[in-house]
Amino acid sequence: MLLCAASYSAEAQLMKAKEMYSKADSLRGELTALRTCYDIQYYHLDVKVDINNKFISGSNLFKFEAVDRFNKLQFDLFDNLSVDKVEYKGKSLPFTREYNAVFVDFPEYIEKGKVDSFTVHYSGNPIQATRAPWDGGFDWKKDSNGKPWVATACQGLGASVWWPNKDHQSDEVKSMLISVAVPNGVMNVSNGRLVKTEKLKNGYTKYHWKVENPINNYNVALNIGDYTHFKETYAGEKGPLSVDYYVLKENAGKIDHLKKNANETLKAFEHWFGPYPFYEDGYKLVETAHLGMEHQSAVAYGNKYQNGYLGRDGSRTGWGLKWDFIVVHESGHEWFGNNITSNDLADMWIHESFTNYSEALFIDFFYGKEASQAYVKGNRRGIQHDSPIQGPYNVNKEGSGDMYNKGGVLHNMIRTMIDDDDKWRNILRGLNKEFYHQTVDYGDIVSYMSKESGIKLDKTFEQFVQTKSIPTLEVIENSPGVFMIRWISEVKDFQMPVHIFDKDGKRLRIDPTDKFKVMKLDGLTKDNFKVDTYNYYIGTSIQ
């Protein structure tokens with residue numbers, strides 16, 4: 001029943017999307033046969049960055065397994081960058097381009113199950129980000145000493161803004177080598193572990209970074225700067241975890257701030273979510289000119305060594321000023337977004353809702369549950385109710401920015417419904433174990449949380465994820481202690497547990513539906529009927 005409902009919703013959204021979005025959006029967002037015919041196994045991205053001319057050139061090796069028999073496929077690269085050659089078995093292949101999609105013709109069919117490869121050579125001036133990380137591309141900056149300070153950030157816009165790949169979240173490459181040549185005097189830091197440094201003859205040095213774990217395309221990053229390196233070992237749940245910090249030399253004296261926040265973050269999140277998902281690749285914080293991004297195993301950090309979000313607390317409770325927002329939030333994505341990745345950008349709410357709530361769980365771990373709940377409630381002030389937090393499928397569009405604060409509120413409500421924090425923790429850890437290094441969709445998350453909680457949550461998710469409104473609990477007093485109670489919701493057959501308070505002030509869970517139920521609640525009248533609106537983000541009508 002749940003899967004059918006999710007499928008119907010996806011189909012309706014797709015029909016609407018086809019009316020609203022362009023062919024370019026569909027080419028990037030839709031999984032056609034030209035994209036599903038091959039499964040990416042390995043990339044070797046080898047690129048030279050000419051900082052003075054803001055120019056890049058290089059190649060990417062695509063190693064794949066044929067899922068179906070094919071002789072044509074699609075990869076992606078923004079059309080302002082030149083595809084110089086597509087090489088297969090030492091020969092150039094013919095290709096055509098449509099918007100940011102590239103279609104390659106092979107000389108013979110590649111049979112299902114065969115592992116094969118081709119290499120794309122490319123060059124050009126990539127799009128320059130003007131407001132990274134909220135827009136995508138290269139962020140060309142200089143540090144206070146005039147040294148180059150360059151980074152990439154491309155979530156949402158897509159990794160094909162700067163390198164050729166199969167640019168869809170559903171197909172994560174299994175492992176990857178990232179080789180980046182930069183001018184002498186600066187270094188490059190990318191994902192994974194540095195396995196080799198190579199001095200070139202033309203005034204450049206090439207840094208080779210190996211990623212052992214699956215990684216989604218938008219997480220692949222370059223960070224170029226005059227960095228100094230600090231290293232330590234964290235005693236993690238799976239054993240020793242290497243922790244690295246790459247900060248500008250001018251900020252070396254501020255490293256204790258990052259060490260404190262990183263260690264506290266790892267401690268809190270391994271408790272709530274399970275082991276850090278990428279022990280083989282280590283954990284890094286890399287200083288950037290932009291505010292931050294969840295680049296897997298190489299988290300971009302630009303919060304200027306201060307607590308809060310650039311010194312501010314969006315919840316206005318004070319709890320958000322006790323820790324560095326960027327370290328905590330972006331590291332939370334290592335579990336939700338990087339370990340568990342949505343198949344379609346439409347379900348980016350999975351990444352952001354859980355990670356927003358991870359901030360509250362960090363507070364819970366160090367300051368207690370009441371502080372955590374206050375933080376979540378304080379964040380409601382940022383909810384806009386402009387559109388659903390789930391976007392339209394197959395057109396590479398995410399939902400409303402409410403996926404952050406409204407999403408965090410949703411998970412706090414589910415925790416409150418369950419009313420068993422050990423079970424709640426096991427669900428969060430179970431999600432990261434069940435979907436370890438996997439891509440998921442809406443139905444996967446809803447089904448798992450419903451099953452493990454023992455609560456039918458499909459209508460709750462439909463209300464808070466697929467609509468922009470919130471439900472209203474309608475309470476009508478028939479006589480003292482006797483009430484007619486129902487939910488008012490635009491979701492058909494809506495039902496959701498909610499806590500109220502009995503005559504002694506103790507919490508009591510009731511299970512209304514969208515049909516009136518008569519409930520006997522001794523000692524209560526319409527004047528003293530209280531709903532837990534502190535933890536439930538709902539409207540109330542008590543008559």
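Treat the numbers as computed from the prediction; the structure is a model and nothing was measured.

Reading the values: rules and limits
Residues numbered from 1 in each chain as written. Predicted model: local features only at pLDDT ≥ 70, side-chain atom pairs only at ≥ 80, totals over all residues. Heavy atoms only, no water. Helix = DSSP H or I, 4+ residues; strand = E, 2+ residues; numbered from the N terminus. Rg over C-alpha atoms; globule rule 2.2 N^0.38 Å. Buried < 20%, exposed > 50% of the residue type's maximum accessible area, 1.4 Å probe, protein only. Areas by Shrake-Rupley, 256 points an atom, 1.4 Å probe, with all protein chains shown as cover. Lys, Arg positive; Asp, Glu negative; His and termini not counted. Charge placed at Lys NZ, Arg CZ, Asp CG, Glu CD. Expected span 1.5 Å × (residues − 1). Pairing = 2+ DSSP bridges. Axes fitted to C-alpha atoms, helices over the stretch in contact; angles between N-to-C directions. UniProt positions renumbered as here; feature names shortened; annotations may be inferred. pLDDT = per-residue confidence, 0-100. Contact = heavy atoms within 4.5 Å. Parallel < 35°, antiparallel > 145°, perpendicular 65-115°, else oblique. Nonpolar A, V, L, I, M, F, W, Y, C, P; charged D, E, K, R; others polar. Phe/Tyr/Trp six-rings, centres within 6.5 Å; stacked < 30°, edge-to-face > 60°. Lys NZ or Arg CZ within 6 Å of the ring centre and 35° of its normal. Polar contact = N/O pair within 3.5 Å; in protein donor to acceptor, adjacent residues only side chain to side chain.

A.B. asks: So what exactly am I meant to see when it comes to the overall build of the protein here?
C.D. replies: Across its full length, the protein carries 11 helices and 29 strands. Rg of the C-alpha trace for the protein: 25 Å, near the compact-globule value of 24 Å for 543 residues, within the 12% margin. Taking the principal axes of its C-alpha atoms as reference, the protein extends roughly 90 × 55 × 40 Å. Here the protein holds 543 residues, and the buried ones make up 57% of them. Working note: accessible area of the protein is about 21,300 Å², and carbon and sulfur atoms make up 49% of it. Here the protein contributes 66 positively and 72 negatively charged side chains, and the mean placements of these two sets differ by 2 Å.

A.B. asks: Sorry, what's going on with helix α10 (residues 442-453) here?
C.D. replies: Given 3.6 residues to a turn, an α-helix orients residues that are three or four positions apart in the same direction. The end-to-end C-alpha separation of α10 is 17 Å, in line with the 16 Å expected for 12 residues at 1.5 Å each. G454, located one to two residues past α10, shows a positive phi value of around 75°.

A.B. asks: What am I meant to see in unusual backbone geometry here?
C.D. replies: What is expected of a backbone is that most residues other than glycine have negative phi and most peptide bonds are trans. Residue A132 is joined to P133 through a cis peptide bond whose omega torsion reads 5°. By the secondary structure assignment, P133 is in the loop between β8 (115-124) and β9 (137-142). The backbone phi angle of L310 is positive, close to 55°, even though this residue is not glycine. Along the chain, L310 falls in the loop between β20 (299-301) and α5 (325-332).

A.B. asks: I would appreciate a short explanation of the pairing of strand β24 (residues 482-488) in the present structure.
C.D. replies: Every regular strand shows the same layout, with side chains that alternate between the two sheet faces. Judged by which residues are buried, β24 turns out to be one-sided: F483, I485 and W487 face inward and are buried, whereas V482, M484, R486 and I488, on the alternate face, are not. Where strand β23 (residues 472-479) meets β24, seven bridges bridge the pair, whose relative direction is antiparallel. Across the sheet, residue E477 finds its bridge partner in β24, namely F483. Where β23 folds back onto β24 in an antiparallel hairpin, the turn is made up of two residues, including G481, whose phi is positive at roughly 85°.

A.B. asks: Explanation requested: the sheet that holds strand β7 (residues 101-110) in the structure shown.
C.D. replies: Backbone hydrogen bonds are what pair the strands of a sheet, in a parallel or an antiparallel way. Spatial strand order, β3-β7-β6: three strands in an open sheet with antiparallel pairing. In this open sheet, the two edge strands, each paired with only one partner strand, are β3 (70-76) and β6 (95-98). Put simply, the sheet's adjacent strands are angled 25° from each other on average, direction ignored. As defined by bridge partners, β3 adjoins β7 across six bridges and the pair is classed as antiparallel. The partner of D76 across the bridge, within β7, is A101.

A.B. asks: Is there a simple way to explain the UniProt feature "domain: Peptidase M1 membrane alanine aminopeptidase" (unreviewed entry) in the protein in this structure?
C.D. replies: Annotation from UniProt places "domain: Peptidase M1 membrane alanine aminopeptidase" (unreviewed entry) at residues 323-464. Along residues 323-464, the helical share is 60% and the strand share 4%, with 29 Å between the first and last C-alpha atoms.

A.B. asks: What should I look at first to understand the confidence of the model for the protein in this one?
C.D. replies: When pLDDT is low, close inspection of the predicted coordinates is not appropriate. Overall, the predicted model of the protein reaches an average pLDDT of 95, with 96% of residues at or above 70. In the predicted structure, residues 1-19 sits below a pLDDT of 50 and forms 16 contacts with residues beyond four places in sequence or in another chain.

A.B. asks: Looking at this structure, how should I read the packing of helix α6 (residues 349-367) against α10?
C.D. replies: Two elements in contact, α6 and α10, have axes whose closest approach is 10 Å; the angle formed by their N-to-C orientations is 45°. Taken together, the axes of α6 and α10 are oblique relative to one another. Touching W349, I350 and F354 of α6 are Y442, I445 and M449, all from α10. Residue composition of the contact of α6 with α10, by class: six nonpolar, no polar and no charged.

A.B. asks: Can you walk me through the packing of aromatic side chains in this structure?
C.D. replies: One pair of aromatic rings is described through two measures. These are the centre distance and the angle between the planes. Applying the stated rule across the entire model yields 40 aromatic pairs. Arranged with centres 6.1 Å apart and planes meeting at 20°, the rings of W323 and F325 form a pair that is stacked. Just as W323 is buried, F325 falls in that class too. When the ring centre of Y204 is taken as reference, the NZ or CZ atom of K48 above it lies at 4.5 Å. For the cation-ring pair, K530 lies above F501, with the distance from its terminal atom to the ring centre recorded as 5.6 Å.

A.B. asks: How should I be thinking about the sheet that holds strand β15 (residues 223-225) in this particular structure?
C.D. replies: Reading across the sheet, the four strands line up as β9-β10-β15-β12 and stay open at both edges, with antiparallel pairing between neighbours. The outermost strands of the open sheet, each flanked by one partner alone, are β9 and β12 (187-189). Strand-to-strand twist across the sheet, computed as the mean angle between neighbouring axes with direction ignored, equals 20°. Sheet topology places β9 next to strand β10 (residues 148-153); six bridges connect them, and they run antiparallel. Opposite G137, over in β10, you have A153 as the bridge partner.

A.B. asks: Help me understand the packing of helix α4 (residues 255-273) against helix α9 (residues 421-434) in this model?
C.D. replies: Two quantities define a packed helix pair, namely the angle between the helix axes and the distance between the axes. Where α4 contacts α9, the two axes come as close as 7 Å, and the packing angle between them is 95°. The orientation of α4 with respect to α9, classified from their angle, is roughly perpendicular. When α4 is examined against α9, the residues E270, H271, W272 and F273 are found in contact with a partner set consisting of W424, R425, L428, R429 and N432.

A.B. asks: Please clarify how α4 should be interpreted in this entry.
C.D. replies: Look at α4: 26 Å from first C-alpha to last across 19 residues, which is about the 27 Å you get at 1.5 Å a residue. Looking one or two residues past α4, G274 carries a phi angle of roughly 100°, positive in sign.

A.B. asks: Before we go on, may I ask you to explain the environment of Y245 in this structure?
C.D. replies: Checked against the element boundaries, Y245 lands in strand β17 (residues 239-248). Residue Y245 is classed as buried on the basis of its relative accessible area, which comes to 0%. Spatially, the C-alpha atoms of Y245 and V475 are 55 Å apart, while their sequence positions differ by 230 residues. Apart from the residues lying within four places of it in its own chain, the contact partners of Y245 are T228, H229, F230, E232, I255, L258, K259, A262, N263 and L285.

A.B. asks: It is not clear to me how the side chain of D139 should be interpreted in this structure. Could you clarify?
C.D. replies: One can find D139 in strand β9. Overall, D139 belongs to the buried group, its relative accessible area being 4%. A polar contact is formed between the side chain of D139 and the side chain of K141, at a distance of 2.9 Å. Sequence-distant contacts of D139, that is, excluding residues within four places in its chain, are made with A129, A132, W149, V150, A151, A289 and H290.

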